[in-house]
Amino acid sequence: MSKLNDIRFFQVKPAIYYGIGAIEQVGNHDFKQVCIVTDEGMVKFGLLKMLTDVLDKHNIKYHVFSDVEPDPSTEIVEKGLTHILMEKPDALIALGGGSAIDSAKAIIYYCYNFKKMFFEEDYIKKPYFIAMPTTAGTGSEVTEYAVITDKKNNTKIPLTDILMMPDAAILEPKLIESVPPASTAATGMDVLTHAVEAYVSTNNNPFSRCYAAKAAELVFKSLYECYVNGGNLEAKASMQIASCMAGIAFNSAGLGITHSIAHAVGAQWHLPHGLANAIGLPYVVRFNGQCGRAQHLYNRLLSAIGIPNVSGDAAEMLYNSIVTLCKEINIPTSLKEQGIDEADFKASKDIIIGKAMKDVCTQTNPLSPTREQFSELLDQIYYGA
Ligand SMILES: NC(=O)c1ccc[n+]([C@@H]2O[C@H](COP(=O)([O-])OP(=O)(O)OC[C@H]3O[C@@H](n4cnc5c(N)ncnc54)[C@H](O)[C@@H]3O)[C@@H](O)[C@H]2O)c1
Ligand SMILES: [Zn+2]
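Residues numbered from 1 in each chain as written. Chains lettered and ligands numbered in written order. Predicted model: local features only at pLDDT ≥ 70, side-chain atom pairs only at ≥ 80, totals over all residues. Heavy atoms only, no water.

As annotated in an unreviewed UniProt entry, the protein carries the name Alcohol dehydrogenase, class IV and comes from Eubacterium callanderi. Under Sequence similarities (unreviewed entry), UniProt gives the following word-for-word description of the protein: "Belongs to the iron-containing alcohol dehydrogenase family." (UniProt positions renumbered as here; feature names shortened; annotations may be inferred.)

See below:
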């Protein structure tokens with residue numbers, strides 16, 4: 001049967017404002033009471049003040065929940081939930097990286113589901129939700145996903161619901177100016193991982209491929225410059241757009257086993273999400289190269305990043321391009337080089353494989369690895385190859 005008979009769905013929901021001064025857009029709303037969900041870093045780097053200055057200028061009342069921590073836990077979400085149930089805001093602004101945005105999403109999700117126990121859905125009003133990413137990044141400002149960590153069991157819990165999709169995303173380049181080089185590198189590699197995984201995922205489609213290819217192109221063009229010259233706002237704005245585009249791509253197409261492994265590895269050794277992805281991505285690309293369809297798509301992706309007409313092994317070529325970029329931005333090429341203890345790795349390996357096999361991202365990887373294949377792949381990621 002022709003693919004035309006297969007009805008599929010693609011949606012881009014949030015209104016996206018981007019460019020220097022985009023932060024002023026929050027003043028164009030008639031909010032009565034805003035809740036800002038953020039973390040202490042935003043206070044320290046003066047980013048919260050940039051936002052509250054705009055709200056003050058427009059006489060918009062606000063209160064701040066700044067307890068978010070990297071890889072937000074279920075406890076933080078519970079605290080935030082209590083906070084908004086008491087304050088009853090008509091708008092919620094998430095200011096921060098993926099951790100702040102995901103916390104706000106989970107708060108909205110649990111708040112709505114809590115109210116559903118007492119009210120009919122028609123009577124539940126969801127606050128207007130604005131996401132302002134300060135990293136480039138997770139793309140969380142345009143996805144219906146949130147990742148919450150169960151700290152007791154060292155496990156990341158993925159939540160998926162359209163309820164959590166922001167109404168608006170504000171990409172203000174000045175908000176990412178202060179990101180230190182190591183975080184710029186790690187979060188930028190998260191963008192590339194989203195783009196590469198979405199491009200070859202089993203759910204890829206013409207729309208998602210278009211966003212993913214452009215995102216990958218922008219990463220190869222701008223990430224190194226952002227890393228060496230953090231004050232280059234043009235390069236940072238380009239990474240912000242790449243992050244958002246990669247988010248749109250994977251929200252539709254899904255991800256792959258780099259993320260499955262990174263979720264497990266990140267939770268086990270408390271590695272930043274982007275760093276865990278960056279270390280695993282080249283090996284996963286090489287592994288997926290065993291799939292003819294993935295080879296074909298990697299070839300097209302290489303064209304998008306400026307390496308056209310590859311006649312040989314496209315996965316190997318992409319592997320090399322990713323490793324070269326990682327080296328340029330001082331990202332280690334193995335977990336061993338990152339400093340993870342070998343005995344600890346061996347002791348935790350089975351748990352990591354078990355979690356990665358069950359991870360939702362494994363479902364859309366172009367190949368479904370067996371336990372043995374996961375084990376070989378993890379050895380490569382640990383020892384380097
Ligand atoms: N929802 C999604 O679609 C999605 C996708 C990928 C990852 N994630 C999740 O997002 C989280 C990671 O988010 P992240 O990589 O953006 O990092 P993050 O939000 O955890 O922030 C990391 C650190 O950087 C600091 N920081 C953030 N912006 C800064 C700035 N402009 N200047 C200086 N410091 C700044 C923060 O204060 C924090 O200490 C993980 O929990 C991951 O699982 C979610
Ligand atoms: Zn990611």
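S.K.: Which parts of the structure should I look at to understand the packing of aromatic side chains?
M.R.: One pair of aromatic rings is described through two measures. These are the centre distance and the angle between the planes. In this structure the tally under the stated criterion is ten aromatic pairs. The interplanar angle of 70 degrees and the centroid separation of 6.0 Å between the aromatic rings of Tyr283 and Tyr319 together place this pair among those described as edge-to-face. Separated by 36 residues along the polypeptide, Tyr283 in helix α9 (residues 273-288) and Tyr319 in helix α11 (residues 314-328) bring together distant segments of the chain. Judged by relative accessible area, which is 2%, Tyr283 ranks as buried. Aromatic pair Phe345 and Tyr382: ring centres 4.2 Å apart, planes at 10 degrees, arrangement stacked. On the criterion of sequence distance, the pair formed by Phe345 in helix α12 (residues 342-358) and Tyr382 in helix α13 (residues 371-383) is long-range, its members being 37 residues apart. Both residues of the pair, Phe345 and Tyr382, count as buried. It is Arg286 that lies over the ring of Tyr319; its NZ or CZ is 3.8 Å from the centre. (Phe/Tyr/Trp six-rings, centres within 6.5 Å; stacked < 30°, edge-to-face > 60°. Helix = DSSP H or I, 4+ residues; strand = E, 2+ residues; numbered from the N terminus. Buried < 20%, exposed > 50% of the residue type's maximum accessible area, 1.4 Å probe, protein only. Lys NZ or Arg CZ within 6 Å of the ring centre and 35° of its normal.)

S.K.: Got a minute to help me understand the nonpolar core in this structure?
M.R.: Considering soluble globular proteins, one finds that nonpolar side chains tend to be buried as a cluster. Membership of the largest hydrophobic core comes to 76 residues, with the highest contact counts inside it found for Met189, Leu192, Tyr298, Leu318 and Leu335. For this core, the element with the most residues is helix α5 (residues 181-200), which contributes ten residues. Here Tyr298 is in contact with Val196, Val200, Val284, Val285, Asn288, Gly289, Ala314, Ala315 and Leu318, once residues within four sequence places are set aside. In this structure, Ile76, Leu81, Ile101 and Leu163 belong to the second largest nonpolar core, which totals 27 residues. (Core = buried A, V, L, I, M, F, W, Y, C linked by side-chain atoms within 4.5 Å. Contact = heavy atoms within 4.5 Å.)

S.K.: I would appreciate a short explanation of the site of ligand 1 in the present structure.
M.R.: In the vicinity of ligand 1 there are 30 residues, among which Gly98, Ser99, Thr134, Thr135 and Ser178 approach most closely. Between ligand 1 and Thr134 there is a distance of 2.7 Å, counted from a nitrogen atom to a side-chain nitrogen or oxygen. At a separation of 2.8 Å, a nitrogen atom of ligand 1 approaches a polar backbone atom of Leu175. Counting residues per element, the ones that place at least two in the shell around ligand 1 are α1 (40-44), α4 (98-115), β6 (145-150) and α5. For the shell around ligand 1, a count of residues per class yields eleven nonpolar, 13 polar and six charged. Counting residues domain by domain, the shell around ligand 1 receives three or more from each of domain 1 (15-176) and domain 2 (181-383). (Near = heavy atom within 4 Å. Polar contact = N/O pair within 3.5 Å; in protein donor to acceptor, adjacent residues only side chain to side chain. Nonpolar A, V, L, I, M, F, W, Y, C, P; charged D, E, K, R; others polar. Domains from an automatic or database assignment.)

S.K.: Any chance you could explain the pairing of strand β2 (residues 33-39) here in plain terms?
M.R.: It is a general feature of regular strands that their side chains alternate between the two faces of the sheet. With six of seven residues buried, β2 is to be regarded as a mostly interior element. Relative to strand β4 (residues 91-96), β2 is paired through four bridges, and the arrangement is parallel. Across the sheet, the residue bridging to Val37 is Ala94, located in β4. (Pairing = 2+ DSSP bridges.)

S.K.: Can you help me understand the packing of α5 against helix α10 (residues 292-304) in this one?
M.R.: Two quantities define a packed helix pair, namely the angle between the axes and the distance from one axis to the other. Relative orientation of the contacting elements α5 and α10 amounts to 135 degrees, with a least axis distance of 9 Å. With respect to their mutual orientation, α5 and α10 come out oblique. As for the relative orientation of α5 and α10, their crossing is right-handed in sense. From α5, Val196, Tyr199 and Val200 reach across to α10, where they touch Ala294, Leu297, Tyr298, Arg300 and Leu301. (Axes fitted to C-alpha atoms, helices over the stretch in contact; angles between N-to-C directions. Parallel < 35°, antiparallel > 145°, perpendicular 65-115°, else oblique. Left-handed = near helix turned anticlockwise from the far one by under 90°.)

S.K.: Looking at this structure, I do not really get the environment of Gln380. What am I missing?
M.R.: Summarising the element assignment, Gln380 is placed in helix α13. Considering only alpha carbons, one finds Gln380 and Leu335, 45 residues apart in sequence, at a separation of 9.2 Å. Sequence-distant contacts of Gln380, that is, excluding residues within four places in its chain, are made with Tyr283 and Ala385.

S.K.: Can you walk me through a positive patch on the surface in this structure?
M.R.: Residues Lys3, Arg8, Arg293 and Arg300 make up a contiguous surface patch of positive charge. Assessed through its relative accessible area of 37%, Arg300 is described here as partly exposed. (Patch = residues over 30% accessible without salt bridge, like charges linked within 9 Å, V, L, I, M, F, W, Y side chains within 5 Å. Areas by Shrake-Rupley, 256 points an atom, 1.4 Å probe, with all protein chains shown as cover. Salt bridge = Lys/Arg side-chain N within 4 Å of Asp/Glu carboxyl O. Lys, Arg positive; Asp, Glu negative; His and termini not counted. Charge placed at Lys NZ, Arg CZ, Asp CG, Glu CD.)

S.K.: Can you help me understand the coordination of the zinc ion (ligand 2) in this one?
M.R.: Metal coordination angles have textbook ideals: 109.5 degrees for a tetrahedral set of four donors and 90 or 180 degrees for an octahedral set of six. Within the first shell, the zinc ion (ligand 2) binds the protein through Asp190 (OD), His194 (NE2), His259 (NE2) and His273 (NE2), at distances of 2.1 to 2.2 Å. What the four donor atoms of the zinc ion (ligand 2) show is an angle range of 85 to 165 degrees at the metal, which sorts the shape as irregular. Within one chain, the residues serving as donors to the zinc ion (ligand 2) are arranged as D-x3-H-x64-H-x13-H. Of the two residues, Asp190 sits in helix α5 while His273 sits in helix α9, which places them 83 residues apart along the sequence. Look at His273 and you get buried, because its relative accessible area is 19%. (Donors = N, O, S within 2.8 Å, 3.2 Å for Na, K, Ca; no water. Tetrahedral: all angles 85-135°; square planar, octahedral: opposite > 155°, others 65-115°.)

S.K.: Got a minute to help me understand the sheet that holds β2 in this structure?
M.R.: For sheets, the rule is that strands pair by backbone hydrogen bonds, running either parallel or antiparallel. Strand order in the open sheet formed by six strands is β1-β8-β5-β4-β2-β3, and the pairing between neighbours is parallel. Single-partner strands in this sheet number two, and they are β1 (15-18) and β3 (61-68). When the angles between neighbouring strand axes are averaged without regard to direction, this sheet yields 20 degrees. One ladder, built from six bridges, connects β4 with strand β5 (residues 128-133); its direction is parallel. Note on β5: the bridge partner recorded for Leu92 is Phe129. Each of β2, β3, β4 and β5 touches helix α2 (residues 47-57); the most contacted strand, β2, lies at about 170 degrees to it. Relative to the sheet, helix α7 (residues 233-253) contacts β1, β5 and β8 (168-171), its axis offset from that of β1 by approximately 165 degrees.

S.K.: Looking at this model, I keep getting lost on the state of the cysteines. Mind explaining?
M.R.: Throughout this description, disulfide means a covalent bond between two cysteine sulfur atoms. Summed over all chains, the structure comprises zero disulfides. Just so you know, Cys326 is unpaired, no disulfide at all, and the nearest cysteine sulfur is the one on Cys226, 15 Å from it. Judged by relative accessible area, which is 1%, Cys326 ranks as buried. Unpaired in terms of disulfides, Cys361 finds its nearest cysteine sulfur in Cys291, a separation of 17 Å. Given the relative accessible area of 9%, Cys361 is considered buried. (Disulfide = S-S within 2.5 Å.)

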